[in-house]
Amino acid sequence: MRLSRAPRTAPPTARRRRRLAALLLSAVTALFLAAPASPASAAAPSPVPGTLTPYNVGSVYTAGISSGGYMATQLHVAYSGTFSGSAAFASGPYHCAQGSLSTALNACMDTVQDLQLSKLEQTTRDWSARGMVDPISHLSGDPVYVFSGTNDATVKQSVATALADYYGRFGARVRYQRTTAAGHAWISPLGPNSCGVTQTPFINDCGFDAERELLGHLLGSVVAPAAAPSGSLIRFDQNAYAPGGSAAALSMGAEGFAYVPRSCADGAACTLMVALHGCKQGYAYQGFGTRFVENAYLNEYADTNAMIVLYPQAAPTGTLENPNGCWNWWGYLGDTAYARHGGQQIEAVMGMVRALRGTTPPPPTGGGAVTLPSVDAQDGYVKAAADGSGAAVGTLEDAYGFAVGRGSDGKVNRTLLSFDTSRIPAGKEITRAYLTVTRSSGSGDPWASPAGNRLLVDVRTGCFGGCGVEAGDWSAAATAAGAARIDAFSSGAAVSTDLSAAGLAALDRSGTTQMRLGFVSAPAGTAYLFVNQAAPVTLTVEYR
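This is a predicted model, so every value here is computed, not measured.

Caption draft 1: Spatial organisation of the overall build of the protein chain. When you go through the protein chain residue by residue, the secondary structure sums to twelve helices and 24 strands. In terms of overall dimensions, the protein chain is globule-like: its C-alpha atoms have a radius of gyration of 24 Å, near the 24 Å expected for 544 residues. Taking the principal axes of its C-alpha atoms as reference, the protein chain extends roughly 75 × 65 × 40 Å. Here the contacts in the protein chain between residues at least 6 apart in sequence split such that 76% fall between residues at least 24 apart. As presented, the protein chain carries roughly 20100 Å² of accessible surface, and 50% of it is formed by carbon and sulfur atoms. Charge separation in the protein chain, taken as the distance between the mean sites of 38 positive and 37 negative side-chain charges, equals 7 Å.

Structure (structure tokens):
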């Protein structure tokens, strides 16, 4: 629908803004037609109460429908160092709404407005350069599956085409399925709806196996699905992963689900799929329950392809902010960071992913968070003999990153990182802080040489010497020594333990805080890792 514009000389009052929001949300509601509820799949396992525990998880992917498709893309772009690819049904490009519900409706669902694809691309590049999303270089070569039905009047096909175009601009390998006469829905052989309709439960059978297509593209190949799921469907508490401790405050449900095949439970190497329902498909939406979980046709493939499926749950608000239980892709509830690092729902889902991968920090406790990338011009590494003698600044940063551990020259390396901690909001109490480190390469296992070796984080209020890297930084005194620990990891990203109370107190609220990464014991032989070549180390600070 078209909305008349207020004269530029007369800004809308708060009352008129509320009316506009109500009209826009009514339009969203009208796009989803009601119909009788469909029966649950008789073959689906019953949910059992549990928690998210670590499994042997390798690659991680996202998939989603409509608002869940937008969230799948947001997760992939914001944390492309974690996610290796994505699938999106009936949705558009990253950050399409640009924080506006009106833009979401008129440019990212309908085509009344130009969705400004070049601007969205440039925003992504700018945010990547500032560390607000992971480096865009990670997107190159990632598999992406895009589906748009020719009968979809809710999210017009040109919007999905823009999503395919967006990913192509960053070098992703896109497969775009756009010839099926489908309505606005997730496509599944278990769908109770005929292909061309748009009605609850928004799961349509179009006579082909879309899950085989998308999984085949993301994973490279797939084994035929099981006749019926035989793993466990775990029901877990989402409050444990919500920043601030309240899922409801983020428009998320109290309960989430994870399907775990027996092989993954027994220790097999598994992939992880984060599957995101659309509007009106969440567990807490008007008794919808687990119909998306049961009929998405992912659990059947999970059993035969060693794949855990995580089903986070959005929930409706009791206000006009989000009455249909959509995922946050336009910035509701005042979350201006909704599409990038620090986005409330994104960080909640990332907490779930880290829990399943065994890299999770403790549940968040603060009311807000800021993620600070290290200052590249002041970062580097130093090397010295095990006793600290002969210290010198390392020279391989541009080629490999920052070294930690013992190199082939026999020198012991320590990494120096600077953070602009003046960006922590004034007047807030810091409740928690931790580092996220991405490994680029390495040799040997410095955590095992000697056995039980630990990689610790020292914190210095201000700088260890000058704020540029100096040879003396190798042994300079820390304000808080051993304030955090980074456990062994062989690839991808790792999250440190929380900074100790002394470490939190050492954060310089008025300027720079430096941190030094080093092993407690010098490895007996060559054993090291390089960090920060492709992705900056980040410091996440939570506060209230």
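On we go from here.
Caption draft 2: Layout of the packing of helix α4 (residues 117-129) against helix α5 (residues 157-168). Contact geometry for α4 and α5: axes closest at 11 Å, N-to-C directions at 40°. Put simply, α4 runs oblique to α5. Viewed along their axes, α4 and α5 form a crossing whose handedness is right-handed. Contacts between α4 and α5 involve L117, L120, E121 and T124 from the former and A162, D165 and Y166 from the latter. Looking at the contact of α4 with α5 residue by residue, the class counts come to four nonpolar, one polar and two charged.

Caption draft 3: Broad picture of unusual backbone geometry. A cis amide bond, omega 5°, links T200 with the succeeding residue P201. Inspection of the secondary structure puts P201 in the loop between β7 (193-194) and β8 (203-205). Put simply, S449 and P450 share a cis peptide bond, and its omega is -5°. Within the secondary structure layout, P450 lies in the loop between β18 (430-443) and β19 (455-461). Not every positive phi belongs to a glycine, and S251 is a case in point at roughly 65°. Of the residues examined, S251 reaches a relative accessible area of 1% and is grouped as buried.

Caption draft 4: A look at the sheet that holds strand β4 (residues 143-147). On the basis of which strands lie adjacent, the open sheet formed by nine strands has the order β1-β9-β10-β12-β11-β2-β3-β4-β5 and mixed pairing. The sheet is open, and its two edges are formed by β1 (47-49) and β5 (173-177), each paired on a single side. Taking each pair of neighbouring strands and ignoring which way they run, the sheet shows an average axis angle of 20°. In this sheet, β4 lies alongside strand β3 (residues 83-89) in parallel orientation, the contact comprising four bridges. Residue A88 lies in a different strand from β4, and its bridge partner there is V146. Against the sheet, α5 contacts β3, β4 and β5, and its axis sits at roughly 165° relative to β5.

Caption draft 5: Representation of the packing of aromatic side chains within the structure. Under the definition given, this model contains 19 aromatic pairs. Aromatic pair F89 and F147: ring centres 5.3 Å apart, planes at 35°, arrangement tilted. Taken together, the positions of F89 in strand β3 and F147 in strand β4 put the pair 58 residues apart, joining distant regions of the chain. Note on F89: relative accessible area 0%, which makes it buried. Centre to centre, the rings of Y297 and Y301 are 5.6 Å apart; their planes meet at 85°, and the pair counts as edge-to-face. Given the relative accessible area of 14%, Y297 is considered buried. Each member of the aromatic cluster is reached from another via a ring pair, and the members are F89, Y145, F147, W186, F208, F292 and Y311. A cation sits over an aromatic face here: R291 above F288, 4.2 Å from the ring centre. If you follow R354 out to its NZ or CZ, it ends over the ring of Y79, 5.7 Å from the centre.

Caption draft 6: Looking closely at the state of the cysteines. Taken as a whole and judged by the stated rule, the model has five disulfides. Covalently, C463 is tied to C467 through a disulfide, its sulfur atoms 1.8 Å apart. Taking the torsion about the S-S bond as the criterion, the C463 to C467 disulfide, at about 80°, is right-handed. In this structure C463 comes out as buried when scored by relative accessible area, which is 12%. Taking relative accessible area as the criterion, C467 reaches 29% and is therefore assigned partly exposed. Counting its disulfide-bonded cysteines in sequence order, the protein chain shows a connectivity of 1-2, 3-4, 5-6, 7-8, 9-10.

Caption draft 7: Fine view of the environment of D142. Among the secondary structure elements, D142 is positioned in the loop between α4 and β4. A relative accessible area of 9% means that D142 is categorised as buried. It is 10 Å that separates the C-alpha atoms of D142 and G168, two residues lying 26 residues apart in sequence. Other than its neighbours up to four places away in sequence, D142 contacts H76, F83, S84, G85, A172 and R173.

Caption draft 8: Structural detail: the pattern of salt bridges. Inspection of the entire model under this criterion finds twelve salt bridges. Measuring nitrogen to oxygen at the nearest pair gives 3.2 Å for the salt bridge that ties R432 to D498. Here R432 is found in strand β18, whereas its partner D498 is found in the loop between β21 (493-495) and α12 (501-505), with 66 residues between them in sequence. Taking the shortest distance from any N to any O, the salt bridge between E542 and R432 comes out at 3.0 Å. With E542 in strand β24 (residues 538-543) and R432 in strand β18, this pair connects stretches of sequence that are 110 residues apart. Put simply, E121, R125, D165 and R169 are held in one network by salt bridges that share partners.

Caption draft 9: Quick peek at the sheet that holds strand β6 (residues 186-187). Ordered in space as β6-β8-β7, the three strands form an open sheet in which the pairing is parallel. Looking at the sheet topology across the chains shown, the edges are occupied by β6 and β7. Both β6 and β8 contribute to a ladder of two bridges, which runs parallel. Paired with I187 across the bridge in β8 is N204.

Caption draft 10: Main features of the side chain of Q281. Mapped onto the elements of the fold, Q281 is located in the loop between β11 (270-276) and α8 (291-295). At 3.1 Å, the side chain of Q281 forms a polar contact with the backbone oxygen of F202. Side-chain polar atoms of Q281 contact the backbone nitrogen of G278, separated by 2.6 Å. If sequence neighbours within four positions are ignored, Q281 has contacts with I65, P201, F202, I203, F288 and F292.

Caption draft 11: Main features of helix α2 (residues 67-78). Here α2 contains twelve residues, and its C-alpha end-to-end distance of 16 Å stays within 8% of the 16 Å for a straight helix at 1.5 Å per residue. The buried fraction of α2 is high, at twelve of twelve residues.

About the cut-offs
Residues numbered from 1 in each chain as written. Predicted model: local features only at pLDDT ≥ 70, side-chain atom pairs only at ≥ 80, totals over all residues. Heavy atoms only, no water. Helix = DSSP H or I, 4+ residues; strand = E, 2+ residues; numbered from the N terminus. Rg over C-alpha atoms; globule rule 2.2 N^0.38 Å. Contact = heavy atoms within 4.5 Å. Areas by Shrake-Rupley, 256 points an atom, 1.4 Å probe, with all protein chains shown as cover. Lys, Arg positive; Asp, Glu negative; His and termini not counted. Charge placed at Lys NZ, Arg CZ, Asp CG, Glu CD. Axes fitted to C-alpha atoms, helices over the stretch in contact; angles between N-to-C directions. Parallel < 35°, antiparallel > 145°, perpendicular 65-115°, else oblique. Left-handed = near helix turned anticlockwise from the far one by under 90°. Nonpolar A, V, L, I, M, F, W, Y, C, P; charged D, E, K, R; others polar. Buried < 20%, exposed > 50% of the residue type's maximum accessible area, 1.4 Å probe, protein only. Pairing = 2+ DSSP bridges. Phe/Tyr/Trp six-rings, centres within 6.5 Å; stacked < 30°, edge-to-face > 60°. Lys NZ or Arg CZ within 6 Å of the ring centre and 35° of its normal. Disulfide = S-S within 2.5 Å. Salt bridge = Lys/Arg side-chain N within 4 Å of Asp/Glu carboxyl O. Polar contact = N/O pair within 3.5 Å; in protein donor to acceptor, adjacent residues only side chain to side chain. Expected span 1.5 Å × (residues − 1).

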